[in-house]
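Architecture at a glance
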Amino acid sequence: MRRSVLGCDVVSVHRREAEVLRRRALEFLEHARIALERGSYDLACFLSEQALQLYLKSVLLMLVGDYPRTHSVRVLLGEVVKALNSRDLEEFARVNRAKLIALEDAYFMARYFTSEYSREDAEELLKVATEAISLISRVVKGGT
């Protein structure tokens, strides 16, 4: 039996929320690319983290109906790995651990500190966010 929230099917509510988060994630990723091109490296790093964080949350909503209330992309990715039982994602997380930590740091550094990022930093963090989103998308679709 399906539960309802204010007359709406809970699955539909989760699906709509997941779709909004996914759309926002992809928009953040595009704006991270634009920020990088314009030389706004701090913003590119922050937007890259936001893109991956929201994408992970959207996937978890679709797969399990909820996500942990955290900003940690590593925790969220770990939950996606468990939900999908994906060795490819597990390996990606292991190999890219340092980059994922740097991506998490970008979230806090951009908001609370005066640290500055270089072009190379922004390129690396945008790349890891893009690769993670691409791999997750393939795994969800059954590609790997």
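Residues numbered from 1 in each chain as written. Predicted model: local features only at pLDDT ≥ 70, side-chain atom pairs only at ≥ 80, totals over all residues. Heavy atoms only, no water.

Counting secondary structure elements, the protein contains six helices and two strands. Secondary structure elements in the protein, listed N-terminal to C-terminal, are β-β-α-α-α-α-α-α. In the protein, which comprises 144 residues, the share counted as buried stands at 38%. Taking the intrachain contacts of the protein between residues at least 6 apart in sequence as the baseline, contacts between residues at least 24 apart amount to 61%. Only carbon and sulfur atoms are counted for the fraction: they give 51% of the accessible area of the protein, which is about 8,500 Å². (Helix = DSSP H or I, 4+ residues; strand = E, 2+ residues; numbered from the N terminus. Buried < 20%, exposed > 50% of the residue type's maximum accessible area, 1.4 Å probe, protein only. Contact = heavy atoms within 4.5 Å. Areas by Shrake-Rupley, 256 points an atom, 1.4 Å probe, with all protein chains shown as cover.)

The next point concerns helix α3 (residues 73–84). Its 12 residues place the ends of α3 16 Å apart at the C-alpha level, agreeing with the 16 Å of an ideal helix rising 1.5 Å per residue. Every buried residue of α3 is listed here: Val73, Leu76, Leu77, Val80 and Val81. Relative to the axis of α3, the buried residues are bounded by an arc of 145° and lie together on one face. On its buried face, α3 sits against α2 (41–64), α4 (87–95), α5 (97–112) and α6 (119–140). Positioned one or two residues after α3, Asn85 has a phi angle of 50°, which is positive. (Expected span 1.5 Å × (residues − 1). Arc of directions from axis to C-beta.)

Right, let's get into the packing of α2 against α6. At their nearest, the axes of α2 and α6 sit 8 Å apart, and the two run at 15° to each other. Relative to α6, the element α2 is oriented roughly parallel. Crossing handedness for the pair α2 and α6: left-handed. Residue-level inspection shows Tyr41, Ala44, Cys45, Ser48, Ala51, Leu52, Tyr55, Leu56 and Val59 of α2 in contact with α6, the latter providing Arg119, Asp121, Ala122, Leu125, Leu126, Ala129, Ala132, Ile133, Ile136, Ser137 and Val140. Split into classes, the residues belonging to the contact of α2 with α6 amount to 16 nonpolar, two polar and two charged. (Axes fitted to C-alpha atoms, helices over the stretch in contact; angles between N-to-C directions. Parallel < 35°, antiparallel > 145°, perpendicular 65-115°, else oblique. Left-handed = near helix turned anticlockwise from the far one by under 90°. Nonpolar A, V, L, I, M, F, W, Y, C, P; charged D, E, K, R; others polar.)

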